[in-house]
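# Summary of structural features
The primary structure of each chain is shown beneath.
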2 protein chains.
Amino acid sequence: MGNPTIYDVARVAGVATSTVSRVFGKPGRITDATRDRVLRAARELGYEPNPHARALTSNRTQTIAMVVSDITNPHFFELIRGAEMRAKAAAYTLVLVNAEESTRMELEQVRRLTRSVDGFLLAASRQPDDELAELAAAHPVVLINRRVPGIASAVLEPWEGCRQIVAHLASLGHTSLTYLAGPPNSWMAASRWTALRDAAAEAGMSAVRTGPYTPTVKSGGAAADAAIGTGATAFVAHNDLLAIGVLRRLADRSVRVPGDVSVVGFDDIFAADLCTPSLTTLGGAHSDVGRAAVEILLESLGHPRDHGATPEIVLPSQLVLRASTGPRTGPDDRPPAGPRQN
Amino acid sequence: MGNPTIYDVARVAGVATSTVSRVFGKPGRITDATRDRVLRAARELGYEPNPHARALTSNRTQTIAMVVSDITNPHFFELIRGAEMRAKAAAYTLVLVNAEESTRMELEQVRRLTRSVDGFLLAASRQPDDELAELAAAHPVVLINRRVPGIASAVLEPWEGCRQIVAHLASLGHTSLTYLAGPPNSWMAASRWTALRDAAAEAGMSAVRTGPYTPTVKSGGAAADAAIGTGATAFVAHNDLLAIGVLRRLADRSVRVPGDVSVVGFDDIFAADLCTPSLTTLGGAHSDVGRAAVEILLESLGHPRDHGATPEIVLPSQLVLRASTGPRTGPDDRPPAGPRQN
DNA sequence: CTGAAAGCGCTAACAA
DNA sequence: TTGTTAGCGCTTTCAG
């Protein structure tokens, strides 16, 4: 009654079950003639290998899990897409898992899946470093947009990108910027702030940070108010979602963008091009990051316990100039914290 | 070396393997005392059931697959989110599969996964009815945003929603509308057109259709041009992505919205509130649709081959009025096809 | 290159 | 309620 098995195929083809297994499992190691016989029989019977039976003995499941910190963040779309395509190309199934910005949930999901997948892609993980080290020691893991020494990773480069943001703002005459920080456990948030601060110092700009903020449109209101309070003329938000929220709040308060302040985001999500004004943002080929991450993971699945260097891929980011940044037109030289009248 | 198995647990707890199996599988049917002993032993050993071994004998995998026609369409985000949450609540894993708007790929993916999942959620499937019937006969299937007689489904109601769109436009003085159609195999596209046409007839409005168009921003250019050619004063686009593309093209051609024409979309995606002008669109609780679909699927997994009525859930849609619709201000009574001067 | 046979870890009758 | 015992469908030595 059930589905045909290798036994059925073996019988019809007149070979042993192990031969059938080999035809579907190993590339060479079989005569063309017998392979054809087996394949013909399989087709005839409508045979499909049972992945669970296969996994049970081989411990390979042909699936990988991608854990994202928040599935509703558009930033992940391209990432997911790239990973999905690469996985499919290698005949792997991609399981998407949502951590909903919760450290605990992220960990729970990983544990739940350890036996069902061959490896993990952890995107924007909020785990502490040592927890990640532990996970990486137990399973094949590739970090996305996060770096931890000794763990494979694929990231969109933030440092040079932030330098470009600062250079762009400086060239427009801005002398002060405020970074509206992302979640406290976000590696990207930390990296961006460090890079912005250093670049600002080099450029002779002052830089302060407010936050942290949940990277959502909703949080933009509070973020905008705090940013205004810093007196800076350029706001760099942790991501586009937050930046869009900031733009809204500024509009509500009749602060003109880029007339009064300039606003920059990160990620270059679809909506960055639609909001008013359209958003200057640091983007990049996110789908390539996803693709690269899968590639690294597949590589490590190929030869486990490889003691070579851990691959850490960095893909270039790209500053997309739009309408939310413009020349500084406010009072001259107002220091960010000083309430100097003008 | 390997992970602990029920044998290890059974030995440590001093019971039979089947007892261990029952503790993890069945709810009651076991003495509290022995259950405790088993659980303690399991914890001690760090035992985790092997899902593949379990699937091999029980034919239940605790995972369901959701196939979406295009993973990059923001419309699906909430749908996915709702489905994912409901699945997790039932200790099911949700596998996300991308069909990339390809009928063939959709089918391929389903075949590939038949053995690995307990059932399928097919969102906005592009398959012909009879193919779906065949799939549904072979596996538990729930359709999302598509209805086929005899197959379980969860949809966001289009009919009354379209009537509301027409009523809204009529109340603004519009007497003609053009529907910018979605993909030819889209059930939603067909339903929307039928509903719009009928509602328009009732309201004394003329309605024509152009297309089909791929529901993306990029297609909006051609769609807008075609729509302008129809002479209608109200454009109803198949979805928000297309509508946003239309808005852009209209802006490029200096057609004012809503001054010259009104534009309506479907889905109420995030970006609908950000574009300029913001988009009037027919939305709804998409996450509830996803949730409902999972619920139906789980239900059917509970008692397979249930010969009761096939559940067909319809969730209410909701017209969200924004800035892209306004009073008709063009020449009076210009029939859509008639070149009458004014 | 191919076959025989022993499991992989678990569930599900069937007994007790 | 608990134990015994076959397999589930496949991979993988080990022989031939």
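Residues numbered from 1 in each chain as written. Chains lettered and ligands numbered in written order. Predicted model: local features only at pLDDT ≥ 70, side-chain atom pairs only at ≥ 80, totals over all residues. Heavy atoms only, no water.

Every one of the 28 residues lining DNA strand C counts as a neighbour, but A:Thr19, A:Arg22, A:Thr57, B:Ser21 and B:Tyr47 are closest to it. B:Ser21 has a polar side-chain atom sitting 2.5 Å from a phosphate oxygen of DNA strand C. With respect to DNA strand C, the side chain of B:Tyr47 contributes an N or O atom lying 2.5 Å from a phosphate oxygen. Examining the composition of the surface near DNA strand C, we find that five residues originate from one element, helix α4 (residues 51-58) of chain B, more than from any other. (Near = heavy atom within 4 Å. Polar contact = N/O pair within 3.5 Å; in protein donor to acceptor, adjacent residues only side chain to side chain. Helix = DSSP H or I, 4+ residues; strand = E, 2+ residues; numbered from the N terminus.)

This brings us to the environment of A:Ile6. Residue and element names in this part refer to chain A. For Ile 6, the location among the structural elements is in helix α1 (residues 6-13). In this structure, the C-alpha to C-alpha distance between Ile 6 and Ala 42, residues 36 residues apart in sequence, is 8.4 Å. Excluding residues that lie within four positions of it along the chain, Ile 6 makes contacts with Thr 17, Val 20, Ser 21 and Tyr 47. (Contact = heavy atoms within 4.5 Å.)

Further remarks concern the relation of the copies chain B and chain A. The operation relating the two chain copies consists of a rotation about an axis and a shift along that axis. Superposing chain B onto chain A requires a rotation of 180 degrees together with a translation of 0.1 Å along the rotation axis, leaving an RMSD of 0.2 Å. The transformation just described matches what one would write down for a two-fold rotation axis. (Least-squares fit on C-alpha atoms with pLDDT ≥ 70 in both.)

Once that is clear, we can look at the domain arrangement of chain A. Here chain A is described as being made up of domain 1 (6-58), domain 2 (63-157 + 285-317) and domain 3 (159-284 + 321-333). Computed over C-alpha atoms only, the centres of domain 1 of chain A and domain 2 of chain A are separated by 33 Å. (Domains from an automatic or database assignment.)

Once that is clear, we can look at the confidence of the model for chain A. Put simply, chain A has an average pLDDT of 90, and 94% of its residues get 70 or more. Residue range residues 332-342 of chain A is modelled with pLDDT below 50. Its contacts to residues more than four positions away, or to other chains, number 13 contacts. (pLDDT = per-residue confidence, 0-100.)

A cluster of like positive charges, contributed by A:Arg22, A:Lys26, A:Arg29, A:Arg54 and A:Arg60, occupies part of the molecular surface. Position of A:Arg22 relative to the elements: it lies in helix α2 (residues 17-25). (Patch = residues over 30% accessible without salt bridge, like charges linked within 9 Å, V, L, I, M, F, W, Y side chains within 5 Å. Areas by Shrake-Rupley, 256 points an atom, 1.4 Å probe, with all protein chains shown as cover. Salt bridge = Lys/Arg side-chain N within 4 Å of Asp/Glu carboxyl O. Lys, Arg positive; Asp, Glu negative; His and termini not counted. Charge placed at Lys NZ, Arg CZ, Asp CG, Glu CD.)

Within a regular strand, the side chains alternate between the two sheet faces. Residues and elements named next belong to chain A. The buried fraction of strand β9 (residues 262-266) amounts to five of the five residues, a majority that puts the element mostly inside the structure. Side chains Ser 262, Val 264 and Phe 266 project from β9 onto one buried face, and the interleaved Val 263 and Gly 265 project onto a second face that is buried too. Here strand β8 (residues 234-237) runs beside β9; their pairing, made up of three bridges, is parallel. If you follow Ala 234 over to β9, its bridge partner there is Ser 262. On the question of chirality, the crossover connecting β8 to the parallel β9 by way of helix α11 (residues 240-252) is right-handed. Inspection of the sheet shows β9 paired to strand β10 (residues 280-284) by three bridges, in the parallel sense. If you follow Phe 266 over to β10, its bridge partner there is Leu 282. (Buried < 20%, exposed > 50% of the residue type's maximum accessible area, 1.4 Å probe, protein only. Pairing = 2+ DSSP bridges. Right-handed = clockwise from strand over helix to strand, strands pointing away.)

Looking now at the packing of helix α8 (residues 159-171) of chain B against helix α9 (residues 187-203) of chain B. Residues and elements named next belong to chain B. Two elements in contact, α8 and α9, have axes separated by 8 Å at closest approach and are oriented at 45 degrees. Here α8 is positioned oblique relative to α9, judged by the angle of their axes. Viewed along their axes, α8 and α9 form a crossing whose handedness is right-handed. Residues Trp 159, Cys 162, Arg 163, Ile 165 and Val 166 of α8 pack against Trp 187, Ser 191, Arg 192, Ala 195, Leu 196, Ala 199, Ala 200 and Ala 203 of α9. (Axes fitted to C-alpha atoms, helices over the stretch in contact; angles between N-to-C directions. Parallel < 35°, antiparallel > 145°, perpendicular 65-115°, else oblique. Left-handed = near helix turned anticlockwise from the far one by under 90°.)

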